[in-house]
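Topology and contacts: notes
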Amino acid sequence: MSDQQKGLMQVFQEMMPAVEYRLCLRHLYANCKKAYGGNKTILRDIILSIAKATYVEEWERRMTKLIHINHQCYEKLVSLDPKLWCKSHFTFLAKRDMLMNNISKAFNDRNLEARDKPILNYVRVDSMLLDVSVC
C-alpha cells in the first residue's frame, strides 16, 4: 500500500479492523526521495536499514543516523506508525516479514472489471476476489 493514499488507511481500519496491513517500502522510499532529495544512495540505504532492523533499539539507533542525514525525511518517517513499515515493530502474528511487494498492484490488475461499476457492485466483486485469493 502506498503512503500517498491518504484516506485508504482509515477506510481499512474502519472496514477491517482486525486485518494487519503494511506500507510498501519501495513506495515509501520513492516518496521520500521525491519530496526530500539529498544523496539518493545514502537515503535509500539508511531507510532500508531502518526498515530491516529486527529489534527496537537498533531501529532507534538507525533513526538517529537519519536525523543527521535528512531531518525532513526523519520527521516524515517518525510520523508514520512503525508497525506499518519496520520489522522491529511487526506483530508476532505476522506470517511474512516482506517489506517490498506488489500485492496491491496484482490485486488491482485482477479487479479491473469492477472499476467501472457502482460502488456496491465494486465491493461485491472485490470481496469475491478476496475470497478466491485467500483460498
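Residues numbered from 1 in each chain as written. Predicted model: local features only at pLDDT ≥ 70, side-chain atom pairs only at ≥ 80, totals over all residues. Heavy atoms only, no water.

When you go through the protein residue by residue, the secondary structure sums to 7 helices and 0 strands. Written out in order from the N terminus, the α and β elements of the protein read α-α-α-α-α-α-α. By sequence separation, contacts in the protein at least 24 residues apart represent 49% of the contacts at least 6 residues apart. Entry remark: accessible area of the protein is about 9,200 Å², with carbon and sulfur atoms responsible for 58%. (Helix = DSSP H or I, 4+ residues; strand = E, 2+ residues; numbered from the N terminus. Contact = heavy atoms within 4.5 Å. Areas by Shrake-Rupley, 256 points an atom, 1.4 Å probe, with all protein chains shown as cover.)

Tallied over the full model, the rule gives 3 salt bridges. Across the pair Glu58 and Arg61 runs a salt bridge whose closest N-O atoms are separated by 2.5 Å. Highlighted residues: Glu58 and Arg61, both in helix 4 (residues 56-69), separated by 3 residues, approximately one helical turn. Residue Arg61 is classed as partly exposed on the basis of its relative accessible area, which comes to 45%. Each of Glu58, Arg61 and Arg62 takes part in one network of salt bridges that share partners. (Salt bridge = Lys/Arg side-chain N within 4 Å of Asp/Glu carboxyl O. Buried < 20%, exposed > 50% of the residue type's maximum accessible area, 1.4 Å probe, protein only.)

This next bit is on the confidence of the model for the protein. Considering every residue of the protein, the mean pLDDT works out to 77; 64% of them sit at 70 or more. Averaged pLDDT values for the elements of the protein fall to 54 in helix 7 (residues 119-134) and rise to 95 in helix 4. (pLDDT = per-residue confidence, 0-100.)

Here the focus is a nonpolar patch on the surface. Nonpolar side chains collect at one region of the surface, where Val11, Met15, Met16 and Val19 lie side by side and expose about 360 Å² of accessible area between them. When you line up the elements, Val11 lands in helix 1 (residues 8-15). (Patch = residues over 30% accessible without salt bridge, like charges linked within 9 Å, V, L, I, M, F, W, Y side chains within 5 Å.)

Turning our attention to the packing of helix 4 against helix 5 (residues 71-79). Packing of helix 4 against helix 5 leaves a shortest axis separation of 6 Å and a crossing angle of 140 degrees. Classed by the angle they form, the pair helix 4 and helix 5 counts as oblique. Listed contacts from helix 5 to Met63, Leu66, Ile67 and Ile69 of helix 4 are His71, Cys73, Tyr74, Leu77 and Val78. Here the residues of the contact of helix 4 with helix 5 sort into 8 nonpolar, 1 polar and no charged. (Axes fitted to C-alpha atoms, helices over the stretch in contact; angles between N-to-C directions. Parallel < 35°, antiparallel > 145°, perpendicular 65-115°, else oblique. Nonpolar A, V, L, I, M, F, W, Y, C, P; charged D, E, K, R; others polar.)

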